[in-house]
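A closer look at the structure
The lines below spell out each chain.
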Amino acid sequence: PDQVRARDALRRAARRPQPAQVAPVPFPNAGGLEAADRNPYADANNPYKSNRLSGSKFTEPLLNTPRTVTVLTKELLQDKNATTLREVARSTAGVTLGTGEGGNAFGDRFFIRGFDVRNDIFIDGVRDPGVSIRENFFTEQVEILRGPASSFAGRGTAGGAINIVTKQATNAGNFYKADTTFGTDATKRVTFDVNQVLSPTVAVRLDGLFQDAGVAGRKYVTDDRWGSLAAIAWTPTDAFKVTANYIHTDLDGRPDFGVPYFRRPGTVGGPATEQIGVPRDTYYGFVNRDYQRVKQDIGTLNVEAALTENISITNKTRVQKSVLDYIGTLPQGLNPTTLLYNASVQSRYQVTNVMANQTDMKFIYDTGPVRHTTIVGTEFSKEQVSIDSYTGLSSELSGAGSFNGTGSLANQNVFNPPNLLGFPNFSPTKTGNPTVVPIDTKSVYLIETANYQDLVILNGGVRYDDYDVSARKELTGQSVSAQSKMVNYNGGIVIKPVPFASVYAAYATSSNPVGAEVDGSSATYGGLSPTATVTQVFGPEQNKAAEVGAKLELFDRRLLVTGALFQTEKTNARENIAGVIRPTGAYRVQGIDLGVGGKITPQWSVFGGLVLMDTKITDSFTASNIGLPLANIANESFNVLTKYNVTEKFEIGGQATYRSKIFGGTLLAANQNTELPSYWRFDAFVEYKVDRNITAKLFVNNITNQLYYDALYQSALPFVFVAPGRSASLVVSGKF
């Protein structure tokens, strides 16, 4: 009985409102550098372990959240040497990279738990639609939600969602930071991060980026970037806070579309680098034509007000513009006999505009021993994507295998590709007849959490989305439209036998409406085409998922260990059968998802995961598809990052990543005659703290110079993206 009373007392104490970890800081900087620069979501003394998610929709700590979430804090991003979201995905278990086949854009395309999430990427909880390429210099942490997240995120999210949390100004104190990087891959990179408290109620933050870089193991490829962040926080009272930030990124480089795929009739084949000994640095583009430019401007205003001790309101407004502009050469159609390939050209000029507003009201109240947290919210957004290309520079105008663009060259030697296109004064001209895709979304949702003495926690949510999408040709006036009214929900139960452990079960649904892949110009691949002559407007694809799991905090609660069994099913999936779109497909993904993050000892940190999946087509109009695995998915993946503080000044660390083979194929049905090989990749780093303010860090990525591949272009004429080779970089950091 004494133990029971003591346990109940601890649980009651845990449910009481806790004081903030960082006390209010007198002006100007009494909090000190470490307090001011602290990640507000991570354990203060254990930066590999995130305690909670950002945003107002997740009200319980991660330990009490009935779903699998992988959180990469800014310290993890630094130790992974991951400067882009693509590099985060490349080294995270359970996330697979993809390409832009089927008229979709080339850029950040990811698969989670077997399903495409390229338009399920969020910045501070607001959807960032239309494929882009995303930098990490302004990122506080990256949150990867696995499984349907419709009540939190809206449309899509069959496999999950990725949320990028940006840096904000803080009144905790002043700090001044700068990082300088020099790499063997010709990288020269400088970033700075400055937070300044102007008064007891106002703080500002400025971040900047400059990069001039190549890519290890790839000839002629460049990756230049610059960007900035400006943020302000105004807190006139404890009950009222206004924050705002503006982000600009500008990426400009020479794109790399990899190497051709070599396959003899009746064989599986593989990348030309593997099969016939093409050197890994062979570049198949044209240095006097090909380019890739990506620009993003994102402005966000967030207002938080506590109306009473237990009632608060949050309103977030976003205005955003993104531009994706490229001309690139696709090495396709390699003839296994003559060893000649086609240098096919692909181009895009895509502009994405977003205006969005989210309002959440949170109510906290008790009914007897149960504490309730109820969130009622609305979301309104207007998105518009304009998709154009350059005249004569679109090789897929007549379908896969058509190289009719004036910038394409047929029958080139695979071992000696031309890198100069023979014409003077190249000046591309847009077609001037873009496909314009406007989307209006109106949503309302309710999320409820009932916590019984931190012993039993119930969580549930329901969301209604009115999704109105159309697509039209700007000059010819051809158009098509669709409207979907979707109701989705989730529910979960968490049981905590002890305060540092939980077991849970959860169920969730989501919907993929027609046209949700807003960067797509092909009805076959999830877009909405104004020129299609086939029926393409159907009811939404329906997703449902079940998950059971456990979470445990070990070693004095320094290490969070998670494990889950999951199953996701999709029905009403669209298929292209002999040129006719049919909603006749169904898929099932089952698996186990294990994760770990935190410290084993005060000196030893670890972060990683293991994901094992079984993917299968369970129904199809084409009977031979049934039973096939899904394309573009690594069914086994593993990653672990660990570091050890040898002394107060010196630490060492390393990372191991494994990904199993990936099948290619049209849409999701895998073609088992096209595959990418499995691989292991190893990285290492050492860090030395010169003094309190200066740190030097040496990274070696891909120590063994492993030849591996990011993704496979799904078509009858495939090519593959080659991942970076071995590189070393020195990062010198100063903070004051």
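Residues numbered from 1 in each chain as written. Predicted model: local features only at pLDDT ≥ 70, side-chain atom pairs only at ≥ 80, totals over all residues. Heavy atoms only, no water.

For the protein chain, the helix and strand inventory stands at six helices and 41 strands. For 736 residues, the compact-globule estimate of 2.2 N^0.38 gives 27 Å, and the C-alpha radius of gyration of the protein chain, at 25 Å, lies within 12% of that figure. Once the C-alpha set of the protein chain is aligned to its principal axes, its extents read approximately 80 × 55 × 45 Å. Each of the 736 residues in the protein chain was classed as buried or not, and the buried ones make up 57%. Sequence-distant contacts, at least 24 apart, represent 68% of the contacts inside the protein chain between residues at least 6 apart. A total of about 28200 Å² of accessible surface is found on the protein chain, and carbon and sulfur atoms cover 58% of it. (Helix = DSSP H or I, 4+ residues; strand = E, 2+ residues; numbered from the N terminus. Rg over C-alpha atoms; globule rule 2.2 N^0.38 Å. Buried < 20%, exposed > 50% of the residue type's maximum accessible area, 1.4 Å probe, protein only. Contact = heavy atoms within 4.5 Å. Areas by Shrake-Rupley, 256 points an atom, 1.4 Å probe, with all protein chains shown as cover.)

One finds Leu72, Leu85, Phe110, Val142, Ile144 and Ile162 to be the most contacted residues of the largest nonpolar core, which totals 34 residues. Residues within four places of Ile162 in sequence aside, it is in contact with Leu85, Phe110, Ile112, Asp120, Ile121, Phe122, Val142, Glu143 and Ile144. Of all hydrophobic cores here, the second largest spans 19 residues; its members include Tyr284, Leu334, Leu676 and Tyr709. (Core = buried A, V, L, I, M, F, W, Y, C linked by side-chain atoms within 4.5 Å.)

This part covers the packing of aromatic side chains. What the rule picks out here adds up to 19 aromatic pairs. Their ring planes at 35 degrees and their centres at 6.3 Å tell us that Phe106 and Phe721 sit as a pair that is tilted. A residue pair is termed long-range when its members are at least 10 positions apart, and Phe106 in the loop between β4 (95-97) and β5 (110-112) and Phe721 in strand β40 (residues 719-722) qualify at 615 residues. Neither residue differs from the other here; Phe106 and Phe721 are each classed as buried. Ring geometry for Phe638 versus Trp680: centroids 6.0 Å apart, planes at 65 degrees, classification edge-to-face. Residue Phe638 is found in strand β33 (residues 636-645), and its partner Trp680 is found in strand β37 (residues 679-689); the two are separated by 42 residues along the sequence. Owing to a relative accessible area of 26%, Phe638 belongs among the partly exposed residues under this scheme. (Phe/Tyr/Trp six-rings, centres within 6.5 Å; stacked < 30°, edge-to-face > 60°.)

Right, let's talk about the sheet that holds strand β3 (residues 69-73) for a bit. Overall, mixed pairing links the five strands, which are arranged β3-β9-β10-β7-β8 in an open sheet. Two strands lie at the open edges of the sheet, namely β3 and β8 (126-127), each paired on one side alone. (Pairing = 2+ DSSP bridges.)

Now for the pairing of strand β15 (residues 218-222). Across two bridges, strand β14 (residues 214-215) lies against β15 in antiparallel orientation. Residue pairing in the sheet places Gly214 in a bridge with Thr222 of β15. The antiparallel hairpin formed by β14 and β15 contains two residues in its connecting segment, where Gly217 sits at a positive phi of about 80 degrees.

Take the pattern of salt bridges next. Applying the stated criterion to the full structure yields 48 salt bridges. Note that Asp120 is salt-bridged to Arg127, the shortest N-O span being 3.0 Å. The partner of Arg134 in a salt bridge is Asp128, with the nearest N and O atoms 2.8 Å apart. Since its relative accessible area comes to 2%, Arg134 is described here as buried. What you see here is one network of salt bridges that share partners, running through Asp37, Lys74, Glu140, Lys167, Lys177, Asp193, Arg205 and Asp207. (Salt bridge = Lys/Arg side-chain N within 4 Å of Asp/Glu carboxyl O.)

Attention now moves to the environment of Lys616. As for its position among the elements, Lys616 is in strand β32 (residues 604-619). Distance in space between the C-alpha atoms of Lys616 and Gly114 is 9.6 Å, their sequence separation being 502 residues. Those residues within four positions of Lys616 in sequence are excluded, and the remaining contacts are Ala586, Tyr587, Arg588, Gly627, Leu628, Pro629 and Leu630.

The next subject is the confidence of the model for the protein chain. Taken as a whole, the protein chain shows an average pLDDT of 91; of its residues, 93% reach a score of 70 or greater. In the model, residues 17-30 has pLDDT below 50 throughout and makes 19 contacts with residues more than four positions away in sequence or in other chains. For the stretch residues 397-403, pLDDT sits under 50, and the model shows 11 contacts to residues farther than four places along the chain or on other chains. (pLDDT = per-residue confidence, 0-100.)

So, about the sheet that holds β5. Sheet architecture is open: three strands sit in the order β4-β5-β6, paired in antiparallel fashion. Every other strand in the sheet has two partners, leaving β4 and β6 (115-116) as the edge strands with one partner each. Note that β4 and β5 share three bridges and pair antiparallel. In the strand pairing of β5, Val95 is matched with Ile112.

The next point concerns the side chain of Thr568. Take Thr568: it is sitting in strand β30 (residues 559-577). The class for Thr568 is buried, based on a relative accessible area of 1%. Setting aside residues up to four positions removed in sequence, Thr568 forms contacts with Phe115, Ala158, Lys544, Ala545, Tyr587, Arg588 and Val589.

Further remarks concern unusual backbone geometry. Despite not being glycine, Asn411 shows a phi value in the positive range, around 60 degrees. Structurally, Asn411 can be placed in strand β24 (residues 409-413). Residue class for Asn411 comes out exposed when judged on its relative accessible area of 55%. In this structure, Ala578 is a non-glycine residue whose phi angle is positive, near 55 degrees. What makes Ala578 exposed here is its relative accessible area of 81%.

Relative to the helices and strands, Gly563 resides in strand β30. In the structure, Gly563 is positioned 96 residues away from Tyr467 in sequence and 35 Å away in space, judged by C-alpha atoms.

Here we take up a nonpolar patch on the surface. Where nonpolar side chains cluster on the molecular surface, the patch consists of Trp604, Tyr644, Val646, Phe650, Ile652, Val686, Tyr688, Val690, Leu698, Leu730 and Val732 and spans about 870 Å² of accessible area. Counting only elements with at least two residues in the nonpolar patch, the list comes to β34 (650-659), β37 and β41 (727-735). With respect to the element layout, Trp604 can be found in strand β32. (Patch = residues over 30% accessible without salt bridge, like charges linked within 9 Å, V, L, I, M, F, W, Y side chains within 5 Å.)

Attention shifts here to the pairing of strand β25 (residues 435-452). In this sheet, β25 lies alongside strand β23 (residues 370-388) in antiparallel orientation, the contact comprising 18 bridges. The partner of Ile387 across the bridge, within β25, is Thr435. The pairing of β25 with strand β26 (residues 456-473) spans 16 bridges and is classified as antiparallel. Looking across to β26, one finds that Thr441 is bridged to Tyr467. Between β25 and β26, which pair antiparallel one after the other, the connecting turn spans three residues, and Gln453 there sits at a positive phi close to 55 degrees.

Before going further, it helps to spend a moment on the environment of Trp604. On the accessibility criterion, Trp604 (36% relative accessible area) is partly exposed. For the pair Trp604 and Val646, spaced 42 residues apart in the sequence, the C-alpha separation amounts to 9.1 Å. When residues no more than four places from it in sequence are discounted, the contact partners of Trp604 are Gly598, Lys599, Thr642, Lys643 and Tyr644. Of the polar contacts made by the side chain of Trp604, one reaches the side chain of Thr642; its length is 2.7 Å. (Polar contact = N/O pair within 3.5 Å; in protein donor to acceptor, adjacent residues only side chain to side chain.)

Quick look at the side chain of Thr73 now. Looking at where Thr73 falls in the secondary structure, it is placed in strand β3. Given the relative accessible area of 0%, Thr73 is considered buried. The residues contacting Thr73, other than those within four sequence positions of it, are Asn39, Ala42, Pro47, Tyr48, Ser50, Glu140 and Gln141.

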